[in-house]
Amino acid sequence: MSNTDPGRSPESKKHEFAFIGRSNVGKSSLINMLVQRKHLAKTSSTPGKTQTINHYYINNTWYLVDLPGYGYAKASKSNHESWGSMIETYLKKRGNLTTTFILLDPRLEPQSIDLDFIRWMANQNLPFSLVFTKSDKMKKSELLSSIKKWEDTLHKTWEVLPPMFVTSADKHEGREQLLGYIQKLLK
Ligand code: GTP
Ligand code: MG
């Protein structure tokens with residue numbers, strides 16, 4: 001189901017796991033990789049592809065939710081505002097949202113837009129994990145030092161850090177870890 005009104009999401013009796021992060025970070029691609037369906041969630045090399053809240057019902061038991069990205073430079077101001085209220089309402093009101101995966105691009109230094117969003121989630125007491133995407137685009141050593149930078153930055157504010165995952169939709173990396181974590185939460 002796709003919609004722009006969080007209130008019209010499917011009935012909320014099942015566990016739900018959402019994917020969020022900057023436009024183009026790879027949310028839709030990651031969902032396709034997890035479910036092993038290349039074209040289930042629509043992807044694009046141009047940021048701003050996903051514009052709606054998309055519920056995918058998995059094994060008749062739980063939902064994966066693809067969300068529109070933030071920080072899309074070309075979006076108009078009113079677009080930014082409607083993104084904010086749509087996503088804020090969804091995240092705050094969705095009682096069956098078990099956890100949210102916040103996707104980060106490890107090729108970039110820690111960005112304030114991501115840090116602000118992480119802070120907002122923490123202030124709302126909403127559970128989340130961090131997922132470093134597109135790992136295939138980096139050397140292992142660069143990836144590790146980027147993750148270390150993120151950890152150091154987060155440790156300036158928080159003593160305990162959320163679970164972290166490394167994924168590549170292209171190389172199918174991190175699939176078992178993410179699905180294993182979801183299974184653990186489902187239990
Ligand atoms: P919006 O819907 O615009 O917010 O973007 P999104 O976060 O859903 O990103 P999407 O999955 O559409 O991917 C954006 C671009 O990154 C596409 O060109 C993908 O092919 C590419 N991409 C996504 N994941 C990976 C990855 O793990 N490795 C590589 N090399 N490219 C990736
Ligand atoms: Mg998308």
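Anyway, here's the lowdown on the structure attached to this text.

Rules of the game
Residues numbered from 1 in each chain as written. Chains lettered and ligands numbered in written order. Predicted model: local features only at pLDDT ≥ 70, side-chain atom pairs only at ≥ 80, totals over all residues. Heavy atoms only, no water. Axes fitted to C-alpha atoms, helices over the stretch in contact; angles between N-to-C directions. Helix = DSSP H or I, 4+ residues; strand = E, 2+ residues; numbered from the N terminus. Parallel < 35°, antiparallel > 145°, perpendicular 65-115°, else oblique. Contact = heavy atoms within 4.5 Å. Nonpolar A, V, L, I, M, F, W, Y, C, P; charged D, E, K, R; others polar. Near = heavy atom within 4 Å. Polar contact = N/O pair within 3.5 Å; in protein donor to acceptor, adjacent residues only side chain to side chain. Areas by Shrake-Rupley, 256 points an atom, 1.4 Å probe, with all protein chains shown as cover. 1 Å grid on protein atoms, 1.4 Å probe; cavity = no way out; pocket = protein on both sides within 12 Å on 5 of 7 lines; lining within 4 Å. Sits in = over half its atoms within 2 Å of the grid points.

1. Let's talk about the packing of helix α1 (residues 27-35) against helix α5 (residues 175-186)
Here's step 1: At a minimum axis separation of 10 Å, α1 and α5 run at an interaxial angle of 85°. Relative to α5, the element α1 lies roughly perpendicular. On the side of α1, the interface is formed by Leu30, Met33 and Leu34, while α5 contributes Arg175, Leu178 and Leu179.
Here's step 2: Grouping the amino acids of the contact of α1 with α5 by side-chain chemistry returns five nonpolar, no polar and one charged.

2. A look at unusual backbone geometry
Here's step 1: Its identity is not glycine, yet Gln36 carries a phi of approximately 55°, on the positive side.
Here's step 2: Relative to the helices and strands, Gln36 resides in the loop between α1 and β3 (53-58).
Here's step 3: One non-glycine residue, Lys134, adopts positive backbone phi at about 55°.
Here's step 4: With respect to the helices and strands, Lys134 occurs in the loop between β6 (128-132) and α4 (140-155).

3. Looking at the site of ligand 1
Here's step 1: Taken together, 22 residues lie near ligand 1, and Lys27, Ser29, Gly48, Asp136 and Ala169 sit nearest.
Here's step 2: With respect to ligand 1, the side chain of Ser28 contributes an N or O atom lying 2.9 Å from an oxygen atom.
Here's step 3: Between ligand 1 and the protein, one listed contact pairs an oxygen atom with a backbone N or O atom of Lys49 at 2.8 Å.
Here's step 4: For ligand 1, the accessible surface in isolation is 650 Å², of which the surrounding protein chains cover 88%.
Here's step 5: If you map ligand 1 onto the pockets, it falls in the largest pocket.
Here's step 6: Within the shell around ligand 1, the residues separate by chemical class into three nonpolar, twelve polar and seven charged.

Function cannot be inferred from these measures alone, as they are strictly geometric.
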